Structures are given as C-alpha cells and as structure tokens.
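Summary of structural features
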2 protein chains.
Amino acid sequence: MKTIDIFKALSNETRLSMLHWLKEPEKHFPAQGAHIPKGIHFVGGVCVGDIQEKAGLSQSTVSSYLNMMQKAGLLESFRYGQWTYYRRNEPFIREFAEQIRTEL
Amino acid sequence: MKTIDIFKALSNETRLSMLHWLKEPEKHFPAQGAHIPKGIHFVGGVCVGDIQEKAGLSQSTVSSYLNMMQKAGLLESFRYGQWTYYRRNEPFIREFAEQIRTEL
DNA sequence: TTGACTTATCGCGAAATCTCGATATATAAT
DNA sequence: ATTATATATCGAGATTTCGCGATAAGTCAA
C-alpha cells in the first residue's frame, strides 16, 4: 500500500498492459462469469487463465504479477470455486492518480 | 521518455524524495545561485553537491540518479561553470500526472 | 601549467526483479 | 476415493538495479 510499491507494480510492461486490458475487459477477454452463480456480481472481473493467455507469460508469472498488483492496491480479486477473478480497484486508482496530481 | 522509465525513476525512495525536495528548494537546501551570473535565471535549480548532502548517498549515486530522472523527463538541468543545477520539469510532471489520471 | 573543485562515468559486488518449470493447494466432477 | 482443472507457491538461473569507490572530464584560480 506504499506509494513506492505502486510505482514498482507499474514499472513493468506486462503489468501495465494488464491494468489497461482490465479497463475494458469485454474488449480484451472472452466473456466472463460462466462459473459465477447468479446471486453474486463481480462486474469486470477476469479469471487468471484468460489474463495469462493474453499476456503470453507463464501461469506462475501471471499469478504472482496479479498478486503483486493486488497487494499494491491496484487490483481486487474474488474467488469463486476454482476460479479467481481479478478486476481494477477503481476508487484506489482514482485516489492514486489524484495524489500524483497534487503531491508529485 | 517512456512511461515505464518514469515509473522506474519513481520506484526508489531516494529519487522520490529528491523530487519532493525540489518542490520547495528554499525550504530544503541552502540558497542557490551564488555561482550563477545575474544575466541568467534558472529559478529553483539546486546544485548536485547540495542534493547529495541532503540525500546522504555517494556523489556518484546521486549524480546518476539525477541523470536518470532527467532522462525520464522529470528533471531538467543547467550547467554554469563547474556546477550543474537541477530542477523539476514542471510542465512535464503536470502532463504526466494528467496522463495518469486519464489513461491509467 | 598546476592544483583545487564540481560533476560525470566506469567497474564492481550485493541485492532485487524477471520469468520459468515443478509442485502444492483448492475445488469440482465422476 | 480418484481424477481433472484452476490457481498459488516454491526454487532457481538470468537479468537488472542499488550504491559504492576510483577515476575521468570539465572548469576555475593562481
């Protein structure tokens, strides 16, 4: 949650791309939610496997990248069954951007 | 000048501090410009030596950090005589902050 | 020219990051 | 229980970054 950790998370081409892809999930990934029951809504989340395929890196790398971005606060995740869905943490990102604008 | 390079430059405690110190040079450094003749104005610039002392790292490290931040676009420099003065590149930083706000 | 001073560059070992394959864990299906 | 699938974690080699001291390059004063 430290500023440095956010910058570090953003200091990698692949991770930066992931963040951008997740801005428009429906544009960059197959339709999601096939495994999410009706009651639960986690809009905009994409499962790890689809992100991995898009990124073209190994499964382990993508998993740890996503975990790193979540720890930094940029992403949030939701697990349903054997799937983990990730999406952008928009309020956090907005807040961060605002902080950059005023304090950098 | 690539976005990644900016994030990398910001991914270090010392470099981030330097950028903050240079927001209010008169607050963090001795008075500057003793070696700048009247005709030239490079307001807000601080010489490498003063930045080094404040940072508490070696001269070589500080010099290369400053150079790195300049290459990224965050700083600009002006050499007069044997002194090199660095200051924030405010338009660039503002532009970067705006880009973060709209594109991150 | 010589010497003093400021900054930049070079080379290095230590630490961190990148990325992978292998394996572990968790859940689902049979 | 066993098997299959999705994700997380572990260990390792390659690359990058960190920060240093030594040295080079540029400038000024005597």
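Just above, that's the structure.
Residues numbered from 1 in each chain as written. Chains lettered and ligands numbered in written order. Predicted model: local features only at pLDDT ≥ 70, side-chain atom pairs only at ≥ 80, totals over all residues. Heavy atoms only, no water.

What about the relation of the copies chain A and chain B?
Rotating chain A by 180° and moving it 0.0 Å along the rotation axis overlays it on chain B with an RMSD of 0.0 Å. Classification of the inter-copy transformation places it as that of a two-fold axis. Minimal C-alpha distance to the rotation axis in chain A is attained by A:Phe7, lying at 2.7 Å. (Least-squares fit on C-alpha atoms with pLDDT ≥ 70 in both.)

Side note on the protein's contact with DNA strand D
Around DNA strand D there are 22 residues in total, and A:Ser60, A:Ser63, A:Gln82, B:Ser58 and B:Tyr65 lie nearest to it. Taking A:Ser63, its side chain carries an N or O atom lying 2.8 Å from a phosphate oxygen of DNA strand D. Looking at the surface near DNA strand D, the elements that each hand over two or more residues are helix 4 (48-55), helix 5 (59-72) and strand 3 (83-88) of chain A together with helix 5 (59-72) of chain B. The residue makeup of the surface near DNA strand D, split by class, is six nonpolar, 12 polar and four charged. (Near = heavy atom within 4 Å. Polar contact = N/O pair within 3.5 Å; in protein donor to acceptor, adjacent residues only side chain to side chain. Helix = DSSP H or I, 4+ residues; strand = E, 2+ residues; numbered from the N terminus. Nonpolar A, V, L, I, M, F, W, Y, C, P; charged D, E, K, R; others polar.)

Some thoughts on the protein's contact with DNA strand C
Contacts to DNA strand C come from 22 residues, most closely from A:Ser58, A:Ser60, A:Tyr65, B:Ser60 and B:Gln82. Put simply, 64% of the atoms of DNA strand C that lie within 4 Å of the protein are in sugar or phosphate. The side chain of A:Thr61 places a nitrogen or oxygen atom 3.2 Å from a phosphate oxygen of DNA strand C. B:Gln59 places a side-chain nitrogen or oxygen 2.8 Å from a base nitrogen of DNA strand C. Here the residues of the surface near DNA strand C are counted per class, giving six nonpolar, 12 polar and four charged.

Here's the deal with the packing of helix 4 of chain A against helix 5 of chain A
Geometry of a packed helix pair, given as the angle between the helix axes and the separation of the axes. Residue and element names in this part refer to chain A. At a minimum axis distance of 9 Å, the contact between helix 4 and helix 5 shows a crossing angle of 115°. It follows from the interaxial angle that helix 4 and helix 5 lie roughly perpendicular. The hand of the helix 4/helix 5 crossing is right-handed. Seen from helix 4, the contacting residues are Val48, Ile51, Gln52 and Ala55; seen from helix 5, they are Gln59, Val62 and Leu66. Broken down by class, the residue content of the contact of helix 4 with helix 5 amounts to five nonpolar, two polar and no charged. (Axes fitted to C-alpha atoms, helices over the stretch in contact; angles between N-to-C directions. Parallel < 35°, antiparallel > 145°, perpendicular 65-115°, else oblique. Left-handed = near helix turned anticlockwise from the far one by under 90°. Contact = heavy atoms within 4.5 Å.)

Some remarks on the pairing of strand 3 (residues 83-88) of chain B
All names here are of chain B. In this sheet, strand 3 lies alongside strand 1 (residues 46-47) in antiparallel orientation, the contact comprising two bridges. Across the sheet, Val46 pairs through a bridge with Tyr86, a residue of strand 3. Pairing of strand 2 (residues 75-80) with strand 3, which is carried by six bridges, proceeds in the antiparallel orientation. Paired with Arg79 across the two strands is Thr84, which belongs to strand 3. Turn length for the strand 2-strand 3 hairpin, with the two strands adjacent in sequence and antiparallel, is two residues, and the turn residue Gly81 shows positive phi of about 60°. (Pairing = 2+ DSSP bridges.)

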